[in-house]
Amino acid sequence: MLRIEGLTKTYGEKKAVDELSLHIRPGEIYGFIGHNGAGKTTTLKSVAGILSFDKGEIFINGSSLKKSPVECKRQIAYIPDNPDLYDFMSGIKYLNFVADIFGVSSEERQKRIREYADAFELTKDLAQPISAYSHGMKQKLAVISAWIHSPKLIIMDEPFVGLDPKAAFTLKEMMRALCDNGGAIFFSTHVLEVAEKLCDKVAIIKQGTLIKSGTMEQVRGDESLEEVFLELEAE
Amino acid sequence: MLKVLLKKQLTEVFRGYFYNRKTNKARSKANQIILFILFAFLMIVVLGGTFTSVSLGVCFGLTAAGAGWLYFALMSGIAVVLGAFGSVFNTFSGLYLPKDNDLLLSMPIPVKTIIISRLLNVYLLGAMYSGVVMLPAMFVYWAVAGATVQNVICGLFLFLIVTAFVLILSCLLGWVVAKISLKLKRKSFIVVLLALAGIGLYYFIYFKAQDWIKDLIANAVIYGDSIKGKAYVLYLFGRIGEGDFIATALFAAATALLLALTIFVLSRGFLKLATSAASFGKAKYREKKVKEKSAFGALLTKEFARFTSSPNYMLNCGLGVIALFALGVFLLIKGADFLALIGTAFGGRTDFSALLLCAVMMLISTMNDMAAPSVSLEGKSLWIPQSMPVEAKTVLKAKTSLQLILTLIPMLFAAICAAVALQTSIAEKLMVCVLPLIFTVFSSVFGSLIGVTRPTMVWTTETIPIKQSGAVMIALFGGWGFVALFAVPYLVIGYFIGLLPYLVTWAVIYAAASALLYRRLITKGAEAFERL
C-alpha cells in the first residue's frame, strides 16, 4: 500500500528525515512514534504530498508520488496535527467541498456524512460555521472529511488530540474497520498505550533516522512499548 | 509588561519591513532601506504633497481674513475624517480579531495593558493618516503666518490632540463594528454596505470640498463670526493652532479625559467581545441532496465563499465591482454631456474622450485585486489544497477565475454603456469595449502570478495579506502603471497613429501578455505553489 524508500528531507543544513524506508501493507495500522522534532510530521507531510523531498521515493499502491502526485493523492487522506480547516465555511459545506474534489457521488456522500457525523455526534452542528467549532469538533470534521471518499490509505498526525473519549473510541473502531476492508493507516502518536493496543506495526524515529520498526511483538519483545521507546531514546 | 507587549506589537506592525513574510527570513539592509524609502515617498511626497497644496490654497485666504483658527479647525477636521476612516477596520481586526488574543488573555497580563498595546497599533495608523494632513498644514501656516515659539508648541499639541481624537473615534467605530459582527447574521454584507455608505459620503464630501472651501475663503469673516457665535468650541479648538495656551490646555485635558474613558470602557467590554464567538444564529442542519461539482467548480465556490465571508477582503479588493457598475450608470445618464465636455477640453478631439474612458475603466478594474492576496489567505489551511488530488494549476485557475468573474461582468456592463455614450465609429466603440475586457484578463492573471510568487503565509490577522502584503501593493500599483503605459504615449503619438490602430495594438499587446503570464502562472506559478 505504502512504500517509502530512502526518504531524505533537509531544511537548510538540518536533515529532518534521513534515508527513511518503510513498507505498509494493506490491512495494517502502522504507528509512528518519536520525540518532538524527530521527523514524524515531515515524513507524514511528505507521504501526503504536501512537502517535496530531496531524496528517495514514495510509492502508493505502486504509483510514484513524485511522478503521479494527483493519482496518489486520490487514494489517500491526510489529517494534520492541527485541524486548520476553512473557517469561513460551515461543516457541511466543507464536507461537500472535499467530496466534490474527490468526486464522491451525491448519494454516497450523503450516506457517509450521515453515518460518520452521527457516530461523532456532529450532525446537528454541521450547518454551523467552522469558526464556531471547538478544537475537538474541528478534529471530528477533519476525520469525517478524511473518510468521506473511502481512501485506501489514511495518514494522520496525532489524530486523538482534542477528541473526547467516546470520539477517540469511535475513531479507533473506524481505523480498524478501514484496515479490515483492505485499507491501511499510517499515524503518529505520543500516546504509547494507544499505539500498543491499536497498531499492528510500529516504527520509532529518532533525529530523522528510523531506529526500530516491525510488528508490535518484534519491537517491544517482552517489555512495554514505553520501556522500549525510553531505552532507545536514552541511547 | 507593557514594554514587552509594545515591543511585540511594534515588531508585528513593522515586521514586513524587516522580515520577508514569504521566507520568514530577515531582509538585507539594502532591502529594508528601499522599502522605507518607497513608503516614505508614498506618504511624504504623494499624500503629503497633495495636502500641502490644499493647505497652501486655504491658508493664505483664511489667515489674510484673520481666521487662522478656521484654517486649523478645517484642516483638523479633514485629518480626523481621514485618520478615523483609514483605521476603523484596522481597529476592529487589531483589537478584537488577532489570533494571539487567547494566548495573551491566558497570561497574567491585565486586560488594560493588552488593550493599550493593541491601541498603539491603531494609534500609529491613525497618526500616519492624520499626520499627512496635519503636518503639512502646520508647516504651511508657520511659513505663511510666521512661526513663533508659542504657535509651534501649541501646533505640536494640536497634532497630538488630533491623533488622540482619531484614536478615540476609531475605537468607537471599531467597537460598533465588533458589536455588529457579534449580533448580526449576514454581517459581512451589512458591514460592506455600511462601509460603502461611508465611502460614498466620503467622496461626496471630497468632491464638494473644493466648492465649500472656496465659499469659506470668500466669506471667511461672515462664517467665522457665525461659528464663533454658534459653535464656540470649534473656534476655541482652532485657536490652538494660532498659539492659544488656554485653549491648548483645555483641549489637551478634555482629550486625555476622553481617551482614559475610552480605554476604561473598552477594557470593560473587551474580554466579552474578544472571547465571544459571534452569534451564528440557530442554523439547523437539514440533510438534502446536493449537486455534485467538478474539482474546479468546488475550488471556485470555495474562493467565492472566502471572498463573501470577509468584509475586509470585499472592501479592500472588490470595490471595482460597484465602481464599474456605478460608472456604467453614470455614463448612461450623463455620459454624452460629460464626454462632450472632455472633447471640448481637448480641442474637439473625440478620440481623447474614448481613450480617457478606456483608461478610466481599466483603472477602476485595478480596484479589484482579489487574486493577489488569495494564496496568502490560505495561511495555515494551505495543507488542504496541497494534500488534495488537484493540480496546483487548477487551484490557481480558480483563484484567477474569481477575479475574472467579478470584474469581467461589471466591466462588460461599463464598456457597453461607454460604447453607447461615445459618439464615434462602430469599430472604435467595439475596441472601447474589447480593450478593457482584455486588460481585465491581463490584470487578473498578473495578480494571481504575483500572489503565488510573493505570498505572505505567516500572519495573525487577515488585514496583513489583504492590505499590507507586497503582492497586493504590486498588483495595485502595477495595475496603475500598466494603465499609464497604455494612456500616456497616446498624448505623444496618438495624433500620428489614430485611435483605432492604437487601441487594436494595445489589445494585441495585452492579449499576448495575458497569454504569456497565464503560461507562466500554470507552470512556474504552480511550481511555486507546490513549494510553499
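The coordinates are above.
Residues numbered from 1 in each chain as written. Chains lettered and ligands numbered in written order. Predicted model: local features only at pLDDT ≥ 70, side-chain atom pairs only at ≥ 80, totals over all residues. Heavy atoms only, no water.

The next subject is the overall build of chain A. In terms of regular secondary structure, chain A is built from nine helices and ten strands. The globule rule puts the C-alpha radius of gyration for 235 residues at 18 Å, and the 18 Å found for chain A is close to it. In terms of principal-axis extent, the alpha carbons of chain A reach across some 50 × 40 × 35 Å. Burial analysis of chain A (235 residues in total) assigns 58% to the buried set. Looking at chain A alone, contacts between residues at least 24 apart form 66% of all its contacts between residues at least 6 apart. Accessible surface computed for chain A: about 9,400 Å², of which carbon and sulfur atoms make up 48%. Of note, chain A has its 29 positive side-chain charges centred 6 Å away from the centre of its 34 negative side-chain charges. (Helix = DSSP H or I, 4+ residues; strand = E, 2+ residues; numbered from the N terminus. Rg over C-alpha atoms; globule rule 2.2 N^0.38 Å. Buried < 20%, exposed > 50% of the residue type's maximum accessible area, 1.4 Å probe, protein only. Contact = heavy atoms within 4.5 Å. Areas by Shrake-Rupley, 256 points an atom, 1.4 Å probe, with all protein chains shown as cover. Lys, Arg positive; Asp, Glu negative; His and termini not counted. Charge placed at Lys NZ, Arg CZ, Asp CG, Glu CD.)

This next bit is on the environment of Pro311(B). With respect to the helices, strands and loops of the structure, Pro311(B) is situated in helix α12 (residues 311–317). Once the C-alpha coordinates of Pro311(B) and Ile416(B) are considered, the two residues, 105 residues apart in sequence, prove to be 29 Å apart.

Glancing now at the nonpolar core. Residues Tyr94(A), Phe97(A), Trp147(A) and Phe486(B) are the most contacted members of the largest nonpolar core, which totals 153 residues. Among the elements that line this core, the one with the most residues is helix α18 (residues 426–453) of chain B, at 13 residues. Ignoring sequence-local partners within four residues, the contact set of Tyr94(A) consists of Leu85(A), Tyr86(A), Met89(A), Ile130(A), Leu141(A), Ser145(A), Trp383(B) and Ile384(B). Counting 38 residues, the second-largest nonpolar core is a separate cluster that includes Cys59(B), Ala67(B), Leu82(B) and Val132(B). (Core = buried A, V, L, I, M, F, W, Y, C linked by side-chain atoms within 4.5 Å.)

This brings us to the packing of α18(B) against helix α21 (residues 499–531) of chain B. Residue and element names in this part refer to chain B. Running from N to C, α18 and α21 cross one another at 20 degrees; their axes reach a closest spacing of 8 Å. Regarding the angle of α18 to α21, the classification is roughly parallel. α18 and α21 meet at a crossing whose hand is left-handed. (Axes fitted to C-alpha atoms, helices over the stretch in contact; angles between N-to-C directions. Parallel < 35°, antiparallel > 145°, perpendicular 65-115°, else oblique. Left-handed = near helix turned anticlockwise from the far one by under 90°.)

Gly131(B) marks where helix α5 (residues 111–145) of chain B bends most, by close to 45 degrees. After α5(B) finishes, the residue Gly146(B) shows a positive phi value of roughly 95 degrees. (Bend = angle between axes of the 7 residues up to and from the residue.)

Next up on the list: the interface of chain B and chain A. Many analyses report the size of an interface as the accessible area lost when the parts associate. Taken residue by residue, the interface counts 34 residues in chain B and 37 residues in chain A. When the two sides are added together, the surface that chain B and chain A hide from each other amounts to roughly 3,100 Å², 64% of it contributed by carbon and sulfur. If you sort the residues of chain B by the area they bury against chain A, Tyr285(B), Trp383(B) and Pro389(B) come out on top, with a joint share of 25%. The interface formed by chain B and chain A contains two salt bridges. Glu287(B) is the partner of Arg114(A) in a salt bridge, and the nearest nitrogen-oxygen pair spans 2.6 Å. At the boundary of chain B and chain A, one finds ten residue pairs in polar contact (both at pLDDT 80 or more). Counting only elements with at least two residues in the side of chain B that touches chain A, the list comes to α11 (295–309) and α16 (383–387) of chain B. Of the residues assigned to the side of chain B that touches chain A, the class counts are 14 nonpolar, six polar and 14 charged. (Buried area = accessible area lost by both parts, 1.4 Å probe. Salt bridge = Lys/Arg side-chain N within 4 Å of Asp/Glu carboxyl O. Polar contact = N/O pair within 3.5 Å; in protein donor to acceptor, adjacent residues only side chain to side chain. Nonpolar A, V, L, I, M, F, W, Y, C, P; charged D, E, K, R; others polar.)

This part is about a negative patch on the surface. All names here are of chain A. A surface patch of like charges, here negative, comprises Glu 193, Asp 222, Glu 223, Glu 226, Glu 227, Glu 231 and Glu 235. The element best represented in the negative patch is helix α9 (residues 225–234), accounting for three residues. As for its placement among the helices and strands, Glu 226 is situated in helix α9. (Patch = residues over 30% accessible without salt bridge, like charges linked within 9 Å, V, L, I, M, F, W, Y side chains within 5 Å.)

Taken as a whole and judged by the stated rule, the model has two cavities of 30 Å³ or more. The space that makes up the largest cavity amounts to roughly 130 Å³. Mapped by element, the contributors of at least two residues to the lining of the largest cavity are β6 (76–79), α3 (91–101) and α5 (135–147) of chain A together with α16 of chain B. With four residues, β6(A) is the single largest residue contributor to the lining of the largest cavity. Partitioned by chemical class, the residues of the lining of the largest cavity number twelve nonpolar, three polar and no charged. Taken as a whole, the second largest cavity spans an internal volume of roughly 60 Å³. Around the second largest cavity, the lining residues are Thr366(B), Asn368(B), Asp369(B), Gln403(B), Ser443(B), Phe446(B), Gly447(B) and Ala475(B). The biggest single contributor to the lining of the second largest cavity is α18(B), with three residues. (1 Å grid on protein atoms, 1.4 Å probe; cavity = no way out; pocket = protein on both sides within 12 Å on 5 of 7 lines; lining within 4 Å. Points joined across faces, edges and corners; volume = space filled by probe spheres on them.)

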